[in-house]
Amino acid sequence: MIPLTKKLSPCLTLKTVCTDKFKTERISVVINDSPDARRMPVTKFVFSVLKCGCKQYPTKRELNKRLDELYSSAVFPIFSRGGGKVSVGFGVVMLGFEFASDVVLIFEVSLEFLF
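Please read all numbers here as calculations on a predicted model, not as lab measurements.

Draft legend 1. Structural context of the sheet that holds strand β4 (residues 74–82). The antiparallel open sheet is built from three strands, whose spatial order is β3-β5-β4. On the outer flanks of this sheet lie β3 (24–33) and β4, each paired with one strand and no other. Neighbour-to-neighbour, the strand axes of the sheet open up by a mean angle of 20°, direction not taken into account. In terms of strand pairing, β3 meets strand β5 (residues 85–95) through ten bridges, oriented antiparallel. If you follow D33 over to β5, its bridge partner there is V86. Sheet strands in contact with helix α3 (residues 106–114) are β3, β4 and β5, and its direction is about 145° off that of β5.

Next comes the structure, spelled out in structure tokens:
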């Protein structure tokens, strides 16, 4: 496992870890912010609501149906606190591309789905 960190801009960092130990892949989009006791409950609530649907997939059923089409991928909210910062975001876990059929470009479709 070799981690790689690349600064894309002053506020955007790409971190990758390549390994062949797992049959799944994970993409996470995380925003780091300073802790604010008034804003944190609202942020948690918004991210919890977003995992139940969005404009393209307005119900949880439609969202889960799309995830099932992507080899039972899973979307999850990310909340963490520590070191004087709060991290919030979303992640998606998907089947490794070498195990998916050639018809589906699972990484690209999952990345699009995440955004």
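Further notes follow.
Draft legend 2. Seen up close, the environment of A74. Topologically, A74 is positioned in strand β4. The contact partners of A74, leaving out residues within four places of it in the chain, are L67, G91, V92 and V93.

Draft legend 3. Here's a closer look at the nonpolar core. Counting residues in hydrophobic clusters, the biggest one holds 16 residues, and the most contacted among them are I27, V88, V92, M94, I106, F113 and L114. Every element with two or more residues in this core is listed here: α1 (40–50), α2 (60–69), β5 and α3. Looking at which element gives the most residues to this core, the answer is β5, with five residues. Leave out the neighbours within four places in its chain, and L114 touches I27, V29, F90, G91 and V92.

Draft legend 4. Looking closely at the pattern of salt bridges. Tallying each qualifying case throughout the model produces four salt bridges. Here D33 and R39 are joined by a salt bridge, their closest N and O atoms 2.5 Å apart. Since its relative accessible area comes to 35%, D33 is described here as partly exposed. The salt bridge partner of D36 is R39, with a shortest N-O separation of 3.9 Å. Taking the relative accessible area as the measure of exposure, D36 reaches 23% and is therefore partly exposed. Judged by relative accessible area, which is 36%, R39 ranks as partly exposed.

Parameters at a glance
Residues numbered from 1 in each chain as written. Predicted model: local features only at pLDDT ≥ 70, side-chain atom pairs only at ≥ 80, totals over all residues. Heavy atoms only, no water. Pairing = 2+ DSSP bridges. Helix = DSSP H or I, 4+ residues; strand = E, 2+ residues; numbered from the N terminus. Axes fitted to C-alpha atoms, helices over the stretch in contact; angles between N-to-C directions. Contact = heavy atoms within 4.5 Å. Core = buried A, V, L, I, M, F, W, Y, C linked by side-chain atoms within 4.5 Å. Buried < 20%, exposed > 50% of the residue type's maximum accessible area, 1.4 Å probe, protein only. Salt bridge = Lys/Arg side-chain N within 4 Å of Asp/Glu carboxyl O.

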